[in-house]
Amino acid sequence: MTWAEMYPSSATVSDDLEEKETTSWTSQGRGGSALVITTGIATWVVSLIISNAAKLIIDENGETSWILRFIFTILGYTTVFLPCYVLIHLSQRHNLHTLGGCQWRLLRLILTGTTSEIVAETDITPTGRLSNTNVQTLYQKALSLFYCCAGLQVSYLLWGILQEKIMTREYTDGDKIERFTDSQFLVFVNRILAFLFSGIYLLLTHQNVHRTPLYKYSFCSVSNTLSSWCQYEALKFVSFPTQVLAKSAKVIPVMLMGKLVSRAQYKNYEYTTAVLISVGMTAFLLGSGGDKKGNNVTTVSGAVLLCGYLIFDSFTANWQSALFKEHKPSSIQMMCGVNLMSCLFTSASLIQQGGFFYSLSFAARHPIFIMDCLLTAISSASGQLFIFATISKFGPVVFTIIMTVRQGLSILLSCLLYQHHLSHMGILGVFIVFLAIFLRMYYAQQHRKRKLEASEISESKV
């Protein structure tokens, strides 16, 4: 035995330990991969069993068939969510994301939001707003405001019209007349185009270092896709004007949840405007009772779906707000990350349900449907970009005013194009709702001004 074999150097011992540690981590990684795959297969099998059992209980052609579709959608998301949860848990437990190699770099991106082991602390600016250091003239500001306002109005008015057309109108193929019924496919098309738009924007512009773990986008991604799904499904049971006004009344459940869960305190004007919105919604619903959509009227199913939309949408906003505070991504990074995860969830659900085959077959029979889908997705994706541009340049108040005007125009266009009947009471209800919204914005702005003035006075005294 040589001297080197009897008394190895410290460097050799260190290399041996590092090699053993790497081998141990690699074996743990292989075992973890097997567990993740097993979890995925088991989840898929269980979801198929539950789906078949649900079909025996719920009528696929009845009014409550949306419950069946909702169960299918949740099960499809679960087949992605559970294996990913196992993967993340194992990676954090065994530090697999610190290993070298392409697969571990991808894992590091999922867990840390970046492929680099060390993230620079520099290059961090306040996020959620695009930098705008150039001093603009009044004419340039007016032109920019007109551009943002026109972009938002055109994008979302077109999106609303096409959304109602796809979900409520009939497509003809010779003697065959049918309606498109797969809301999940529409959500998928919207999300994949929004992901491409935001991804291209990120490649062409300078952004802060991304530090948000990708898996954290999954929570608001699920709620975001479910809110959109509820929105599309609701159009099968309620009119588009009813849906728009229900969105305007989102402040009511938000205040109720804030009062019950967070013990939040609200101003008198907030309670007053919430009551006005409730009165306006009641008047609208009573005044639009004769508004028939074929044989469908405003039903309990439609009300439940609208409530689902409001709940999921509120969760999305709160979760994204928490991510902005904790990890400080830019708005476009948030848009890209959320839509990436949404593409994964919706594609898995569509594959499991056979939604791709149904939708593509429908598109082959009705080529105009392809154009409607593409225009809907383009208007939705471009609208999101206009939202970020408007908020970054003019703030949330101006954006809220523009979008409130858009909601009123959407109701008007829907009534004109699709012959929705509105009585005098219904028109009064719409007026009361929008009056309450503008009053709420006005008093909120006045409250902020008084608060700012009070803080300036206290600072001057000091």
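Residues numbered from 1 in each chain as written. Predicted model: local features only at pLDDT ≥ 70, side-chain atom pairs only at ≥ 80, totals over all residues. Heavy atoms only, no water.

## Regarding the environment of Ser144
Then step 1. Mapping Ser144 onto the fold places it in helix α5 (residues 138-168).
Then step 2. Along the sequence, Ser144 and Thr390 sit 246 residues apart, while their C-alpha atoms lie 8.9 Å from each other.
Then step 3. When residues no more than four places from it in sequence are discounted, the contact partners of Ser144 are Lys393 and Phe394. (Helix = DSSP H or I, 4+ residues; strand = E, 2+ residues; numbered from the N terminus. Contact = heavy atoms within 4.5 Å.)

## Things to note about the packing of helix α7 (residues 214-234) against helix α11 (residues 300-327)
Then step 1. Axis separation between α7 and α11 bottoms out at 8 Å; the angle between their running directions is 155°. The angle between the axes of α7 and α11 places the two elements in the roughly antiparallel class. Two packed elements cross with a definite hand, and for α7 against α11 that hand is left-handed.
Then step 2. Grouping the amino acids of the contact of α7 with α11 by side-chain chemistry returns 14 nonpolar, nine polar and four charged. (Axes fitted to C-alpha atoms, helices over the stretch in contact; angles between N-to-C directions. Parallel < 35°, antiparallel > 145°, perpendicular 65-115°, else oblique. Left-handed = near helix turned anticlockwise from the far one by under 90°. Nonpolar A, V, L, I, M, F, W, Y, C, P; charged D, E, K, R; others polar.)

## What about the pattern of salt bridges?
Then step 1. According to the stated counting rule, one finds six salt bridges in the structure shown.
Then step 2. Across the pair Arg69 and Glu233 runs a salt bridge whose closest N-O atoms are separated by 2.8 Å. Of this pair, Arg69 sits in helix α3 (residues 65-94) while Glu233 sits in helix α7, and the two are 164 residues apart along the sequence.
Then step 3. Take Glu233: its relative accessible area is 0%, and that puts it in the buried class. (Salt bridge = Lys/Arg side-chain N within 4 Å of Asp/Glu carboxyl O. Buried < 20%, exposed > 50% of the residue type's maximum accessible area, 1.4 Å probe, protein only.)

## Some details on the nonpolar core
Then step 1. Core analysis: the largest hydrophobic core is formed by 44 residues, its most contacted members being Leu152, Leu186, Leu245 and Phe369.
Then step 2. At the level of elements, α5, α6 (183-204), α8 (240-248), α9 (251-261), α10 (268-287), α13 (355-365), α14 (367-418) and α15 (424-461) are the ones that each hand at least two residues to this core.
Then step 3. With ten residues, the top contributor of residues to this core is α14.
Then step 4. In this view, Leu245 contacts Met281, Phe284, Ile411, Val430, Val433 and Phe434; residues no more than four positions away in its chain are not counted.
Then step 5. Counting residues in each nonpolar core, the second largest holds 13 residues, with Val80, Tyr217, Leu226 and Met341 among its members. (Core = buried A, V, L, I, M, F, W, Y, C linked by side-chain atoms within 4.5 Å.)

## A look at the side chain of Thr376
Then step 1. Tracing the sequence through the fold places Thr376 in helix α14.
Then step 2. On the basis of relative accessible area, Thr376 is assigned to the buried category, the value being 2%.
Then step 3. Look past the residues within four positions of Thr376 in its chain and what remains in contact with it is Trp159, Leu162, Ile166, Asn190 and Tyr232.

## Overview of the environment of Met425
Then step 1. For Met425, the position within the fold is in helix α15.
Then step 2. The partly exposed category is assigned to Met425, whose relative accessible area is 43%.
Then step 3. Met425 sits 143 residues away from Thr282 along the chain, and the two C-alpha atoms are 9.6 Å apart.

## Re unusual backbone geometry
Then step 1. One non-glycine residue, Lys328, adopts positive backbone phi at about 55°.
Then step 2. Looking at the element boundaries, Lys328 is found in the loop between α11 and α12 (331-353).

## With respect to the packing of aromatic side chains
Then step 1. This model, assessed by the stated rule, comprises 20 aromatic pairs.
Then step 2. Where Phe180 meets Phe369, the ring centres are 4.5 Å apart and the plane angle is 40°; that geometry is what we call tilted. Highlighted residues: Phe180 in the loop between β2 (176-178) and α6 and Phe369 in helix α14, separated in sequence by 189 residues.
Then step 3. Residue class for Phe369 comes out buried when judged on its relative accessible area of 1%. (Phe/Tyr/Trp six-rings, centres within 6.5 Å; stacked < 30°, edge-to-face > 60°.)

## Looking at a nonpolar patch on the surface
Then step 1. Together, Ile401, Val405, Leu409, Leu412, Leu416, Leu417 and Phe438 make up a nonpolar patch on the protein surface, roughly 590 Å² of accessible area in all.
Then step 2. It is α14 that provides the largest number of residues to the nonpolar patch, a total of six residues. (Patch = residues over 30% accessible without salt bridge, like charges linked within 9 Å, V, L, I, M, F, W, Y side chains within 5 Å. Areas by Shrake-Rupley, 256 points an atom, 1.4 Å probe, with all protein chains shown as cover.)

## Observations concerning the environment of Ser361
Then step 1. Here Ser361 lies in helix α13.
Then step 2. Given a relative accessible area of 22%, Ser361 falls into the partly exposed group.
Then step 3. Polar contacts involving the side chain of Ser361 include one to the main-chain carbonyl oxygen of Phe357, which spans 2.7 Å. (Polar contact = N/O pair within 3.5 Å; in protein donor to acceptor, adjacent residues only side chain to side chain.)

## Structural notes on α11
Then step 1. Between its terminal C-alpha atoms α11 stretches 40 Å, which fits the 40 Å expected from 28 residues at 1.5 Å a residue.
Then step 2. Looking one or two residues past α11, Lys328 carries a phi angle of roughly 55°, positive in sign. (Expected span 1.5 Å × (residues − 1).)

## Brief notes about the state of the cysteines
Then step 1. The tally for this structure, following the rule as stated, stands at zero disulfides.
Then step 2. Cys307 supplies the cysteine sulfur nearest to Cys230, a cysteine that is in no disulfide, at a spacing of 9.9 Å.
Then step 3. Its relative accessible area of 3% is what places Cys230 among the buried residues. (Disulfide = S-S within 2.5 Å.)

## A short note on the confidence of the model for the protein chain
The predicted coordinates ought not to be read in detail in places where the model reports low pLDDT.
Then step 1. Mean pLDDT over the protein chain: 77, with 77% of residues reaching 70 or higher.
Then step 2. Between residues 10-22, whose pLDDT stays under 50, and residues either more than four places distant or in other chains, the model counts one contact.
Then step 3. Counted against residues more than four places away or in other chains, residues 118-134, with its pLDDT under 50, gives 25 contacts. (pLDDT = per-residue confidence, 0-100.)

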